[in-house]
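Residues per chain, in single letters:
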Amino acid sequence: MSNLPKPILFALLGTVVVALIPPVLIVRMRTTKHSLPRIHWIQDMDNQGRFRAQHANPMFADGRAMRQPVAGTVARGELRADTHYNHGVVAQAWATTFPRQTRVTPDLLARGQERFVIYCTPCHGASGYGDGLVNQRALAVMGDPTRSKGTSWVEPKSIHDSDILAQPVGQLFNTITNGVRTMGSYESRINVHDRWAIIAYIRELQKREASASADTRGVDRADRKRVGEPDNQNEARQS
Amino acid sequence: MRTPNEIDGPLETPVRFVFPQWSNALLPAVIVMMLVAPIYAALVLTYGLSPVTHNVGYMPTQPIPFSHKIHAGELGLDCRYCHNTVEDAAKAAIPPTQTCMTCHAQVQTQSEALKPLWESYSEGTAIRWQRVHDLPDFVYFNHSAHVERGVGCASCHGRIDQMDVVFQSESLSMGWCLECHRDPEPNLRPLDQVTNLAFDPLVDQSAEARRGLLEGLRITPSEGCSTCHR
């Protein structure tokens, strides 16, 4: 090969080098993360001129493709005239019983437990003592000056506190629906039926705690948590 | 009148083209190229056009550096805490600003990174989250149909709970979809493990358990065109 004229030699070497570019690019694409928009070689109708859920639409002032219902209108099935079921209110007072739509059955309790674990456990903990992982981390963040950045965390209530125990189910329903103090509203995340299911499960947890703490009466909450007895028992029973 | 010789010019002895000596050295190169080129072309086309190459690893920059590793991993938030429509709707909705505010109305309120959140909250504008998993518009996909039938979040989205910045971990190509539609059993898990990202359907349960799910949930995924292209 050494007696090849220079241009021919360079052309050969050039070809080899150029041929190496696609494989190198392919390997790079397959081994690294990339933030550039994905390449679609064959577009077909990958991106169609229509607006889907949560897409942006420049035609509207707020830039959203999804629209709010026209003011003063009610969608079918959204009237919510039954105040007991939809607001936990009977005769302008908190309801003390479950509405007829939600009979407390094992199925309802199972559903309630599942929803409680998803939406309540983060702050209130698996047994409802207010010792969830979010609470623990928020307290840790608040106590660390470098990470605090304006954190002002208020510890969530224990569902076993006497004032919560005294609350009628309708008031608990309202708390989940509209939030209370620093707790936010869960109206948009948990549907009405599931909110009642969660309350049924909260009542169940409260009953369990009442019987479990019968022998540890007089020991305050912080001590119990350190010893970890009722907490662990409840968690073991759930799992 | 001119003779042909006058038109074409005087006849000359034609110069014979002789390949130079060095061209002998090119012969092996040409043979090698002819052998290698088809293989090279096949490989480059196969891998270069593969959806795995183009889609996997897509990691767009988000307007707020939200970490799923902290929220879904360390804090153990269930996927449904934020993506609450996933069980009922086709789309697993991006949570509204209000959901973030459940905690961040109190936590790290002065954080520089959360400024867009407060802007959105006070002005009612949408945060422009960048979509990571995006099927072509001619594909119909329904989240609820899958999560209610024992297909876990992790099967398509990977270990989100370990990602600081979410990236696409599967190709989401048609072939990839069909792989599971033809043989769903290896991807089935109990319904209460659907959002458990650490659960491995192949490791954490027996083959009998998977077959039980297949029969118990009566899973017969369709492979017809109109299932997804409707």
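Residues numbered from 1 in each chain as written. Chains lettered and ligands numbered in written order. Predicted model: local features only at pLDDT ≥ 70, side-chain atom pairs only at ≥ 80, totals over all residues. Heavy atoms only, no water.

Caption draft 1: Seen up close, the environment of A53(A). In this fold, A53(A) is placed in the loop between helix 1 (6-31) and helix 2 (83-87). Considered as a pair, A53(A) and W94(A) are 41 residues apart in the sequence and their alpha carbons are 37 Å apart. Residues contacting A53(A), with those up to four places away along its chain left out, are M66(A) and K91(B). (Helix = DSSP H or I, 4+ residues; strand = E, 2+ residues; numbered from the N terminus. Contact = heavy atoms within 4.5 Å.)

Caption draft 2: Spotlight on the interface of chain A and chain B. Residue-level contacts link 59 residues of chain A with 58 residues of chain B. For the pair chain A and chain B, the summed buried area comes to about 5,100 Å², and 55% of that belongs to carbon and sulfur atoms. The largest share of the area that chain A buries against chain B comes from R30(A), R38(A) and R189(A), three residues that together contribute 14% of it. Scanning the region where chain A abuts chain B turns up five salt bridges. The interface formed by chain A and chain B contains 28 residue pairs in polar contact (both at pLDDT 80 or more). (Buried area = accessible area lost by both parts, 1.4 Å probe. Salt bridge = Lys/Arg side-chain N within 4 Å of Asp/Glu carboxyl O. Polar contact = N/O pair within 3.5 Å; in protein donor to acceptor, adjacent residues only side chain to side chain.)

Caption draft 3: Structural detail: the pattern of salt bridges. Residues and elements named next belong to chain A. Overall, the coordinates contain 23 salt bridges over all chains when judged by the stated rule. The partner of R111 in a salt bridge is E114, and the shortest N-O contact between them spans 3.5 Å. Placement of both R111 and E114 in helix 3 (residues 106-119) is noted, with a separation of three residues, approximately one turn of the helix. Relative accessible area serves as the criterion here: at 29%, R111 is assigned to the partly exposed category. Since its relative accessible area comes to 31%, E114 is described here as partly exposed. When the shortest N-O distance is used, the salt bridge between D194 and R111 registers 2.8 Å. Here R111 lies in helix 3 and D194 lies in helix 9 (residues 192-212), a separation of 83 residues in the sequence. Given the relative accessible area of 4%, D194 is considered buried. (Buried < 20%, exposed > 50% of the residue type's maximum accessible area, 1.4 Å probe, protein only.)

Caption draft 4: Expanded view of the nonpolar core. Grouped together as the largest cluster of nonpolar side chains are 30 residues, with contacts concentrated most on F116(A), Y119(A), V134(A), W196(A), I198(A), I199(A) and Y81(B). Of all elements in the fold, only helix 3, helix 5 (133-143), helix 8 (169-178) and helix 9 of chain A together with helix 5 (79-82) of chain B reach the threshold of two or more residues within this core. Not counting residues up to four positions away in its chain, the partners in contact with F116(A) are T121(A), G125(A), A126(A), G128(A), I198(A), Y201(A), I202(A) and L205(A). Grouped together as the second largest cluster of nonpolar side chains are 11 residues, C153(B), A154(B), V166(B) and F167(B) included. (Core = buried A, V, L, I, M, F, W, Y, C linked by side-chain atoms within 4.5 Å.)

Caption draft 5: Representation of the packing of aromatic side chains within the structure. The final tally for this structure, using the stated rule, is seven aromatic pairs over all chains. Ring geometry for Y186(A) and Y81(B): centres 6.0 Å apart, planes at 70°, overall edge-to-face. In this pair, Y186(A) is assigned in the loop between helix 8 and helix 9 and Y81(B) in helix 5, connecting two distinct chains. Take Y186(A): its relative accessible area is 7%, and that puts it in the buried class. Aromatic pair W118(B) and Y121(B): ring centres 6.2 Å apart, planes at 90°, arrangement edge-to-face. In this pair, W118(B) and Y121(B) are both assigned in helix 7 (residues 115-123), three residues apart and thus about one turn of the helix distant. Owing to a relative accessible area of 29%, W118(B) belongs among the partly exposed residues under this scheme. An aromatic cluster of three or more residues is present, and its members are F98(A), F173(A) and W196(A). In this arrangement the basic side chain of K33(A) is found over the ring face of F167(B), its NZ or CZ atom lying 4.2 Å from the centre. (Phe/Tyr/Trp six-rings, centres within 6.5 Å; stacked < 30°, edge-to-face > 60°. Lys NZ or Arg CZ within 6 Å of the ring centre and 35° of its normal.)

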